[in-house]
Amino acid sequence: MKRILFATLLFACASANAQFDFGRALDLGKKVMQAQEGMKDLTQDEEIALGEQLTAGFLGASPLHPDANLQRYVNRVGKWLALHSGRPDLPWTFAVIDTETINAFAMPGGNVIISSGLLKRLSSESELAGVLAHEIAHVVKKHQVQAIQSAAKGDLAASIGKDLAGDAIARRGGGALAQGAKTWASGMAADLLKDGFFLRPLDRSMEYEADQLGVVIATRAGYDPYGLVGALEMLAQYKGGGDAASVFSTHPPAPDRLGELEKFLPTVERYSGQPQLEGRFKQVVGNAK
Amino acid sequence: MSRMTLRLATLFLGLFLASGAWAQEQAFTNRSTELKDIGSPSGKTLASLPGDTPVKVIARSGAWTKVEANGQHGYVNVFHLRFPATVEKSSSSSNPLSGITGFFGGGRDQPKTTIATTGIRGLSPEDLKNASPDPAALAKAQGYRSDKGSAERFAKDGKLATVSVDYSEGGRR
């Protein structure tokens, strides 16, 4: 806590354009601390509300893919995987967005978004399972929540710290948790989207952890454990250009991830005969309109 | 479904499966490795491949990738390959299997829609930053959720069976 306050004061002192105002800096430091406190004890309901608001924001930027069969199919794969995760009872929602951008996103509380651009470049259901299980692992490990906490004390402090703090206070105001949580989540989601939070890569260690846990989840669900490896092989063939929303900008390079998985996969090698389900995948994805 | 419809559907699926899934991709071995006759460490070694040997990928399949190397078909460990990164060509495809089937239908050496390059027609940072929440789309997405029973039936159809794997098997807690 003291370090955060000190860092905030340092930030205020170092700001070239700002006239040093000790009182104001102290106030900002307190607000950042309040914001962190607000995230620290996030309840599951609040986490779900935040995830839903972020997903609504995402869907405001990119429409759902119009094919209902495709949406239901991805939800069945995702739900089956989620039942084998550490948080099977979350209200898991898997949304296919209609964009050529290649990426998938995990929101707090069990919301996962996958682009049709990524989906149509996969070869089998086990590859889809590998991708979805990676995102499920992020939710299970609350990586996004941790990243928001880090943002509150990091370089976003100046830009969103005051908003986070305000939201955190609003969340507690009045004692009406349900309505307070929704208002708080809505404000928080808007701030995070505006600040490009989901364009920022997560910590590499979180990505590697999600890769490994994702492989375990997919394997538990009966899929070939090499599905994610196949998806990464596919990604390894593409250069990440200037698309800041693509997987190439928000994830470590695919060859690096493959290198980490090579150390891990021998532990589940004996399950490599499990189904890949190419036919079912191609039938649904190929017929999507 | 009429017989004609069934034939057309079968023809479409056949074309779809044949066109892109087996498209050959260029790759290189990233270390000295062996070309096996089957996808298994116990398979017969058809050839020893030094590092940086060019191969054509015929199919991705689990731990082993089917390739053609020096005119021979066989299997190489999936981790023993590297892929030269490429940028897809920017063009709207005239392929009738474009759109959601473009990747499978187009093959890797044919024009495809732009991805992951500057100026993509996809999700831009500005799109995300300036988005207005769409609660109706969220509700629609939630309407596609699967319940436990539906997911279990779906898994059974695919012959997916739960296995017990502890996360600690990967050396993690």
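What counts as what
Residues numbered from 1 in each chain as written. Chains lettered and ligands numbered in written order. Predicted model: local features only at pLDDT ≥ 70, side-chain atom pairs only at ≥ 80, totals over all residues. pLDDT = per-residue confidence, 0-100. Helix = DSSP H or I, 4+ residues; strand = E, 2+ residues; numbered from the N terminus. Contact = placed C-beta atoms within 7 Å. Pairing = 2+ DSSP bridges. Axes fitted to C-alpha atoms, helices over the stretch in contact; angles between N-to-C directions. Domains from an automatic or database assignment. Core = buried A, V, L, I, M, F, W, Y, C linked by C-beta atoms within 7 Å. Buried ≥ 20, exposed ≤ 12 C-beta atoms within 10 Å, placed from the backbone.

**Student:** I tried to follow the confidence of the model for chain A on my own but got confused; where do I start?
**Tutor:** The predicted coordinates should not be examined in detail at positions where pLDDT is low. Residue and element names in this part refer to chain A. For chain A, the mean per-residue pLDDT works out to 78, and 70% of the residues sit at or above 70. The least confident element of chain A, judged by mean pLDDT, is helix 1 (residues 2–14) at 40; the most confident is helix 4 (residues 68–82) at 98. Taken together, the stretch residues 155–162 has pLDDT below 50 and engages in 17 contacts with residues farther than four places along the chain or on a different chain. Across residues 165–177, where pLDDT falls below 50, the model places 23 contacts with residues more than four positions away in sequence or in other chains.

**Student:** Just to check I follow, could you spell out the sheet that holds strand 3 (residues 111–115) of chain A for this structure?
**Tutor:** Think of a sheet as strands paired side by side through backbone hydrogen bonds, with each pair either parallel or antiparallel. Residue and element names in this part refer to chain A. As summarised here, the arrangement of the 3 strands in space is 1-3-2, forming an open sheet in which the pairing is mixed. Each having just a single partner strand, strand 1 (93–97) and strand 2 (104–107) make up the two edges of the open sheet. Adjacent strand axes in the sheet meet at a mean angle of 15° when their direction is disregarded. Sheet topology note: the strand 2/strand 3 ladder contains 4 bridges and is antiparallel. Along strand 3, the bridge assignment pairs A104 with I114. Across the sheet, helix 4 is in contact with strand 1 and strand 3; its angle to strand 1 comes to roughly 140°.

**Student:** Would you explain the environment of L277 of chain A in this entry?
**Tutor:** Looking at the element boundaries, L277 of chain A is found in the loop between helix 13 (254–264) and helix 14 (278–287). Between the C-alpha atom of L277 of chain A and that of A104 of chain A, which follows or precedes it by 173 residues, the distance is 21 Å. Not counting residues up to four positions away in its chain, the partners in contact with L277 of chain A are S124, E125 and S126 of chain A together with G158 of chain B.

**Student:** Hey, could you run me through the domain arrangement of chain A in this one?
**Tutor:** Note on interface size: it is often stated as the accessible area lost on association of the parts. When cut into domains, chain A gives domain 1 (2–41 + 157–194) and domain 2 (47–142 + 201–287). Every contact between the two is made by 9 residues of domain 1 of chain A and, on the other side, 5 residues of domain 2 of chain A.

**Student:** Mind showing me how you'd approach the nonpolar core here?
**Tutor:** As a rule of thumb, nonpolar side chains are buried together in soluble globular proteins. Residues and elements named next belong to chain A. Counting 100 residues, the largest nonpolar core has L81, I114, A129, L132, I136, I217 and A218 as its most contacted members. In terms of residue count, helix 6 (residues 125–140) provides more of this core than any other element does, 9 residues in total. Three or more residues apiece are contributed to this core by two domains, here domain 1 (2–41 + 157–194) and domain 2 (47–142 + 201–287). Apart from the residues within four sequence positions on either side, L132 is in contact with V77, G78, L81, F94, V112 and I114.

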